[in-house]
Amino acid sequence: MSMLIKNGKLLTENGFEKVDILIENGKISKVEPQISTDAEEMIDAAGKLVAPGLIDLHIHLREPGGEKKETIATGTLAAAKGGFTTVAAMPNTRPVPDNKTQMEWLQERIHETASVRVLPYASITVRQLGQELTNFAELKEVGAFALTDDGVGVQSAGMMLEAMKRAAKLDMAVVAHCEDNTLINKGSLHEGKKAAELGINGIPSVCESVHIARDILLAEEAGCHYHVCHISTKESVRTVRDAKRYGIKVTAEVTPHHLLLSEEDIPGNDANFKMNPPLRSKADQDALVEGLLDGTIDFIATDHAPHTSGEKAEGIELAPFGIVGLETAFPLLYTHLVEKNVLTLKELVDFLTVKPAKAFGLPYGELKPGSAADVVLIDLEQEKEINPDEFLSKGKNTPFGGWNCKGWPVLTIAEGKIVWEKGVVKA
Ligand SMILES: NC(=O)N[C@@H](CC(=O)O)C(=O)O
Ligand SMILES: [Zn+2]
Ligand SMILES: [Zn+2]
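These numbers were taken from a predicted model, which means no experiment stands behind them.

Novice: In this structure, what is going on with the overall build of the protein? I would like to understand it.
Specialist: Regarding its fold elements, the protein presents 13 helices and 18 strands. Expected size for 427 residues packed as a compact globule is a radius of gyration near 22 Å; at 21 Å, the protein falls within 12% of this value. Taken along its principal axes, the extent of the C-alpha atoms in the protein is 65 × 45 × 45 Å. The proportion of buried residues among the 427 residues of the protein is 55%. Put simply, of all contacts in the protein between residues at least 6 apart along the chain, 74% involve residues at least 24 apart.

Right, here's the structure in full:
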């Protein structure tokens, strides 16, 4: 099976270069200014940005147990539409992939139904209850990508240290949802202006940052790779920045919504603005952008967290935390960070490709001969409004409905196969 992508615009250190890309047997075989060969499939990419397939190391696919919200099939189709060819699925499903049998079932289900590559996380603790560690070695053997209890924080420092020590021995990363349960304050929004205005309980910043500070000291002790999920406060950024200065092996991700929104953007009692961690203050938002620019924050991940419309109709206090992100990440970030000169296009693409890959030692995220043929074509000129009704995800829960964006993916190729396509003429 061969495919030739003609005349794409490739981003290099020196700006755009026109290239042809030849794909053979699921791998990239050539990237050159001009390839004159016949291939079984020819794709005209003239005028389109041609980039490595995007990587999202934090998403929720909800299967098994939450199929009303999303399935592996619908979530990975949404990923493909968003330009993502590698996603890492969080383990807060029912049941939790916390043992060999369940992980094998999940791998099989991914194999049968996923449109793009799915890297499954295993949980740190049995049923994510924080009481007993899972068998990391066994989970690694059956393909667990890394370890996390995302959805809840690991409350006990002793449990976390032991997890980190075992993970270090196996060269596995410990990926942390940082939240101290004694500081949540039954909150639904950030403890700040907006929560006060709406008369809703607030979650203080320290609820997150205290876990990050604790975990960094534990990770230093254990010598493991420690990764911070969805970083959201200025104190968290400062703490990670300091840890990196001391050479501690810590990485961090930030979501598009925490980069683009603050509590001030919450229009009222709308649960599409409810997620964990919550939208923080403007000062926190600014610190996240600064942290991304100075290398404190390593990459961007969506934390795609689909919920049903019924659940989200319950109002801010009763609705579950979480918003979807896969189908809007690139256009939102391109329009609001690149077009406003906060990031260069190259930086944005790197934060969604090679940076997450490097942070976790994955062999993806670059367009070079020999690598998996994961490619996305993006129309930087195409402009349209975000319409949740058009999402392939079952989740329509986004705070960005109606936002006008440029930079829509038009064709996504995963391991040499077209997995999503719109508006591109096949030559
Ligand atoms: N981010 C969220 O608000 N929700 C996530 C859980 C999580 O990422 O902590 C979910 O599973 O719905
Ligand atoms: Zn989380
Ligand atoms: Zn999450």
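On we go from here.
Novice: In this structure, what is going on with the nonpolar core? I would like to understand it.
Specialist: Here is a general trend for soluble globular proteins: nonpolar side chains tend to be buried in one another's company. Y121, L147, M164 and V174 are the most contacted members of the largest nonpolar core, which has 123 residues in total. Among the elements that line this core, the one with the most residues is helix α11 (residues 329-338), at 7 residues. Counting the residues that make up this core, at least three belong to each of domain 1 (2-49 + 372-421) and domain 2 (53-359). Apart from the residues lying within four places of it in its own chain, the contact partners of Y121 are A88, A89, M90, P91, A144, F145, A146, L147, T148 and V175.

Novice: Looking at this structure, I do not really get the packing of helix α6 (residues 206-222) against helix α7 (residues 234-245). What am I missing?
Specialist: Geometrically, a packed helix pair is captured by the angle between its two axes and the distance between the axes. Two elements in contact, α6 and α7, have axes whose closest approach is 9 Å; the angle formed by their N-to-C orientations is 10°. As judged from the angle between their axes, α6 and α7 are roughly parallel. Of the two elements, α6 crosses α7, and the hand of that crossing is right-handed. The segment α6 lies against α7, with E208, S209, I212, A213 and I216 engaging E235, S236, T239, V240 and A243.

Novice: How should I be thinking about the sheet that holds strand β7 (residues 84-89) in this particular structure?
Specialist: Within a sheet, neighbouring strands are paired by backbone hydrogen bonds and run either parallel or antiparallel to one another. Here 3 strands make up an open sheet; going across it, the order is β6-β7-β8 and the pairing parallel. In the strand order of this sheet, the two ends are held by β6 (54-59) and β8 (117-120), each with one partner. With direction set aside, neighbouring strand axes in the sheet form an average angle of 20°. Where β6 meets β7, 4 bridges bridge the pair, whose relative direction is parallel.

Novice: I'm lost on the site of ligand 1 in this one. Help?
Specialist: In the vicinity of ligand 1, the residues found are H60, N92, D150, G151, H177, M275, N276, D303, A305, P320, F321 and G322. Considering only residue class, the shell around ligand 1 consists of 4 nonpolar, 6 polar and 2 charged.

Novice: Mind showing me how you'd approach the domain arrangement of the protein here?
Specialist: The parts lose accessible area when they come together, and the size of an interface is often stated as this lost area. Here the domain parsing of the protein yields domain 1 (2-49 + 372-421) and domain 2 (53-359). The C-alpha centroid of domain 2 is placed 26 Å from the C-alpha centroid of domain 1. Of the residues lining the interface, 26 residues belong to domain 1; the matching set on domain 2 comes to 39 residues. Looking at the side of domain 1 that touches domain 2, the elements with two or more residues in it are β16 (375-385), β17 (404-414) and β18 (417-421). The leading source of residues in the side of domain 1 that touches domain 2 is β17, at 7 residues. Classifying every residue of the side of domain 1 that touches domain 2 by side-chain character gives 16 nonpolar, 6 polar and 4 charged.

Novice: Looking at this structure, how should I read the environment of I5?
Specialist: With respect to the element layout, I5 can be found in strand β1 (residues 2-12). Look at I5 and you get buried, because 29 C-beta atoms sit within 10 Å. As a C-alpha pair, I5 and N276 span 271 residues in sequence and 40 Å in three-dimensional space. Apart from residues lying up to four places away in sequence, I5 is in contact with D20, I21, I43, A45, V50 and V375.

Novice: For this particular structure, what's the right way to read the sheet that holds strand β13 (residues 226-228)?
Specialist: Ordered in space as β9-β10-β13-β14-β15, the 5 strands form an open sheet in which the pairing is parallel. Across the chains shown, the open sheet's two edge strands, defined by having one partner strand only, are β9 (147-148) and β15 (299-300). Summarising the sheet, β9 and strand β10 (residues 174-176) pair through 2 bridges and their orientation is parallel. Across the sheet, residue L147 finds its bridge partner in β10, namely V174. Of the strands in this sheet, β10, β13 and β14 (250-254) are in contact with α6, which crosses β13 at around 165°.

Novice: Looking at this model, I keep getting lost on the environment of A114. Mind explaining?
Specialist: With respect to the helices, strands and loops of the structure, A114 is situated in the loop between α2 (100-113) and β8. Looking at A114, the number of C-beta atoms within 10 Å reads 22, which means it is buried. In this structure the C-alpha to C-alpha distance between A114 and A79, which are 35 residues apart in sequence, comes to 10.0 Å.

Novice: Just to check I follow, could you spell out the pairing of β1 for this structure?
Specialist: Each regular strand displays side chains that alternate between the two surfaces of the sheet. Bridge count between β1 and strand β2 (residues 15-24): 9 bridges; the pairing is antiparallel. Note that in β2 the partner of T12 across the bridge is G15. Both β1 and strand β4 (residues 41-44) contribute to a ladder of 4 bridges, which runs parallel. Note on β4: the bridge partner recorded for L4 is M42. Note: β1 against strand β5 (residues 49-52), 2 bridges, orientation parallel. If you follow K9 over to β5, its bridge partner there is L49.

Each value, and the rule that gives it
Residues numbered from 1 in each chain as written. Chains lettered and ligands numbered in written order. Predicted model: local features only at pLDDT ≥ 70, side-chain atom pairs only at ≥ 80, totals over all residues. Helix = DSSP H or I, 4+ residues; strand = E, 2+ residues; numbered from the N terminus. Rg over C-alpha atoms; globule rule 2.2 N^0.38 Å. Buried ≥ 20, exposed ≤ 12 C-beta atoms within 10 Å, placed from the backbone. Contact = placed C-beta atoms within 7 Å. Core = buried A, V, L, I, M, F, W, Y, C linked by C-beta atoms within 7 Å. Domains from an automatic or database assignment. Axes fitted to C-alpha atoms, helices over the stretch in contact; angles between N-to-C directions. Parallel < 35°, antiparallel > 145°, perpendicular 65-115°, else oblique. Left-handed = near helix turned anticlockwise from the far one by under 90°. Pairing = 2+ DSSP bridges. Near = placed C-beta within 6 Å. Nonpolar A, V, L, I, M, F, W, Y, C, P; charged D, E, K, R; others polar.

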